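# Chain and residue survey
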Amino acid sequence: MSRSIVRQSKFRHVFGQAVKAEQGYDDIRVSKVTWDSSFCAVNPKFLAVIVESSGGGAFLVLPLSKTGRVDKNYPLVIGHSGPVLDIDWCPHDDNILASCSEDCTAMVWQIPDHSLTRPLSDPIVVLEGHSKRVGIVSWHPTARNILLTAGSDNLIIIWNVGTGEPLISMDDHPDLIYSVSWNRNGSLFCTTCKDRRLRVCDPRKREVVAERLAPHEGIRPMRAIFIRDGNIFTTGFTRMSQRELGLWDPTNFEEPIALLELDTSNGVLLPYYDADANMVYLCGKGDSSIRYFEITEELPYVHYLSTFSSKEPQRGMGFMPKRGVDVTKCEIARLYKLLDKKCEPITMTVPRKSDLFQDDLYPDTAGPDPAMEPEEWLDGRDEDPILISMRDGYVPPKSRELKVAKKNVLDSRPTTRRSMSALDTNSLPPQLLERLLEEIQNLKATVLSQEKRICDLENKLSQYTNGTA
């Protein structure tokens, strides 16, 4: 009797391939801030990268089609007064991006469909509620305009971006929060913390519903993500500083479903999850490889598939939502690898001989429409993502304006400045309007030059204090 030794899986032969040099993005000054975030976010329209900048924090937003060398004077998004630490595209509007910074704020931006022609400094809304730097932003997967922020004040705040108001605040973490991940319908989120605990939180009850001390015994940072079936996938370190991954059932944290040691590298492993294929891609900062695994219900539950390797180490990584992949080439994932001065797209492909649409590779995936309004979610309703077919590919819709309606018009918090495009220019005489625009441009130029001067002086001061001058 013959017996099959090799596990059967349609993803067993997935292979990674870097695109040609001219299809990458060159001359990008990737941020050197010491923070374990991805530094990159991508969706079917845009690529966003946190970059080095003088006089505050900035990030670069490029249309995906704008490949090749990036002009050094290309306009940036420059609203933060401190280094930007994390960015996240809204899953329900490809033109809306959230960012957070060392300046203790999070901001939400509307990116125009065309390339930026001048620096963007006016966010739609500024979210102020943290007393220390804000290191994590994460959109709710199914409810419109719900955004989570986590700061170094150990506070998690959930906001309604449509009103600019905080809805929920949780202070259950006694130390720095390393990561936050929503589950599939957004009813729960899991966190990892410097106190070495993995927690599952119910935000609407404002309580921790499950927790596990030291899912990985090492003291170095952990990461955790919810997967499709409600289990939690974690990465961390053993007591001997070996990197390790784990799979856990949050209803029974006593024993792991799977626990697997990997190697002895120092970089934190950032997990990126494909819910349709039930695959996890592990990217370590400072690594030059991407390992990928399939999660199944068969032992050993987490199956190693393969490794994509290249010569240069990665500084960060962006992960394309499934609706942004090319179904005509059997592409099941696309990652955007940040190097020192460029971004290199990497395609993950299942080899197939047929040119027809492969139904088994592309089940219906989460679309851009929210399943409910913020008020419905706050009242206790839960909905899975609204799914769309990938049979004909995905065409991103045109930009829709996000309107922010403050509930309390007497709120004393500072509101964002209105851009000139939002003013009623018809009521102004042409000469006055022209003079105002010219004065604004002159003021902006002065501010930018002063910021550069301050940065130069700070660098000189740093050199003297370090004895390198």
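See the structure shown above.
Below is a short write-up of the structure.

Parameters at a glance
Along each chain, residues carry numbers from 1 onward, in the same order as the chain's sequence is written. At least 70 in pLDDT is required for a residue's local features to be given in this predicted model, at least 80 for side-chain atom pairs to be given and counted, and no such filter applies to totals for whole chains, interfaces and linings, which use all residues. As a rule here, side-chain values cover all heavy atoms of the structure and leave hydrogens and water aside. Under the scheme used here, helices are H or I runs from DSSP no shorter than 4 residues and strands are E runs no shorter than 2 residues, and both carry numbers assigned from the N terminus. Residue exposure (1.4 Å probe, protein chains only): buried if accessible area is under 20% of the type maximum, exposed if over 50%, otherwise partly exposed. Two residues form a contact once any of their heavy atoms are found within 4.5 Å. Reported accessibility uses the Shrake-Rupley method at a 1.4 Å probe radius. Residues are deemed covered only where the shown protein chains occlude them. The term polar contact refers here to a pair of N or O atoms within 3.5 Å; inside protein, the definition further demands a hydrogen-donor-capable atom paired with an acceptor-capable atom, and it admits residues adjacent in sequence only when both atoms are side-chain atoms. For two strands to be treated as a pair, DSSP must find no fewer than two bridges joining them. Axis definition: a line fit to C-alpha positions, over the contact stretch in the case of helices; interaxial angles, taken between N-to-C directions, run 0 to 180 degrees. We call a set of buried residues a nonpolar core when its members are Ala, Val, Leu, Ile, Met, Phe, Trp, Tyr or Cys and they connect through side-chain atoms within 4.5 Å of each other. Pairing of aromatic rings covers Phe, Tyr and Trp, the last through its six-membered ring, and needs centres within 6.5 Å; plane angles under 30 degrees mean stacked, over 60 mean edge-to-face, and all others mean tilted. Each ring is checked for a lysine NZ or an arginine CZ that lies within 6 Å of its centre and within 35 degrees of its normal; such an atom marks a charge sitting over the ring.

## Notes on the overall build of the chain
Within the chain, the secondary structure is distributed over two helices and 31 strands. Evaluated residue by residue, the chain yields a buried proportion of 52% over its 469 residues. A separation of at least 24 residues holds for 52% of the contacts in the chain among residues at least 6 apart in sequence. Working note: accessible area of the chain is about 23,000 Å², and carbon and sulfur atoms make up 49% of it.

## Observations concerning the side chain of serine 187
Within the secondary structure layout, serine 187 lies in the loop between strand S15 (177-182) and strand S16 (189-193). In terms of polar contacts, serine 187 uses its side chain to reach the side chain of asparagine 185, at 2.8 Å.

## Thoughts on the sheet that holds strand S23 (residues 269-274)
With antiparallel pairing, four strands are arranged side by side in an open sheet as S23-S24-S25-S26. Strands with a single pairing partner mark the edges of an open sheet, and in this sheet they are S23 and strand S26 (302-309). Taking each pair of neighbouring strands and ignoring which way they run, the sheet shows an average axis angle of 25 degrees. Relative to strand S25 (residues 289-295), strand S24 (residues 279-284) runs antiparallel, the two being bridged by five bridges. Following the sheet pairing, tyrosine 281 is matched in S25 by tyrosine 292.

## What about unusual backbone geometry?
The residue after leucine 299, namely proline 300, is reached through a cis peptide bond having omega 0 degrees. Note on placement: proline 300 falls in the loop between S25 and S26. Although it is not a glycine, aspartate 27 adopts a positive phi angle of roughly 60 degrees. By secondary structure assignment, the location of aspartate 27 is in the loop between strand S2 (25-26) and strand S3 (40-42).

## Quick word on the nonpolar core
Counting 42 residues, the largest nonpolar core has Ile28, Leu47, Phe59, Val61 and Tyr336 as the members making the most contacts within it. Beyond its immediate sequence surroundings of up to four residues, phenylalanine 59 is in contact with Val49, Ile50, Val51, Leu76, Val77, Val84, Ile87, Leu97, Ser99 and Trp109. Listed in part, the 28 residues of the second largest apolar core include Ala277, Phe319, Met348 and Val350.

## Remarks on the pairing of strand S21 (residues 243-248)
Counting buried residues in S21 gives six out of six residues, a clear majority hidden from the surface. Going residue by residue along S21, you find Arg243, Leu245 and Leu247 tucked away on one face and Glu244, Gly246 and Trp248 tucked away on the opposite face as well. In this structure, strand S20 (residues 232-237) lies alongside S21, joined through six bridges in antiparallel fashion. Bridge pairing in S21 links isoleucine 232 to tryptophan 248. Here S20 hands over to S21 after five residues, with serine 241 in that stretch at a positive phi of 65 degrees. Bridge analysis of S21 against strand S22 (residues 258-261) gives four bridges, and the strand direction is antiparallel. Among the inter-strand pairings, glycine 246 is bridged to a residue of S22, identified as leucine 259.

## Observations regarding the sheet that holds strand S12 (residues 146-151)
Pairing within the open sheet is antiparallel, and its four strands lie in the order S11-S12-S13-S14. Of all the strands in the sheet, the pair left with one neighbour each is strand S11 (134-139) and strand S14 (165-170). Neighbouring strand axes in the sheet, compared pairwise and without regard to direction, differ in orientation by 25 degrees on average. In the sheet, S12 pairs with strand S13 (residues 156-160) via five bridges, with the strands oriented antiparallel. Residue pairing in the sheet places alanine 150 in a bridge with isoleucine 156 of S13.

## Focus on the packing of aromatic side chains
In total, this model carries ten aromatic pairs according to the counting rule given. Judged by centre distance (5.7 Å) and plane angle (45 degrees), the rings of tyrosine 281 and phenylalanine 319 are tilted. Here phenylalanine 319 lies in strand S27 (residues 316-319) and tyrosine 281 lies in strand S24, a separation of 38 residues in the sequence. Assigned by exposure class, tyrosine 281 and phenylalanine 319 land together as buried. Three or more aromatic residues joined by ring pairs make a cluster, and in this case those are Tyr272, Tyr281, Tyr292 and Phe319. Lying over the aromatic face of phenylalanine 237, arginine 220 brings its terminal NZ or CZ to 4.7 Å of the ring centre. Residue placement shows lysine 285 over the ring face of phenylalanine 39; its charged tip is 3.7 Å from the ring centre.

## A short note on the environment of arginine 323
Here arginine 323 shows up in the loop between S27 and strand S28 (331-338). Residues arginine 323 and proline 396, spaced 73 residues apart in sequence, show a C-alpha to C-alpha distance of 9.0 Å. Those residues within four positions of arginine 323 in sequence are excluded, and the remaining contacts are Pro44, Pro91, Asp94, Thr365, Ala366, Gly367, Pro368, Ile388, Met390 and Tyr394. Only 3.2 Å separates the side chain of arginine 323 from the side chain of tyrosine 394, close enough to count as a polar contact.

Function-wise, these values are silent; they only describe arrangement.
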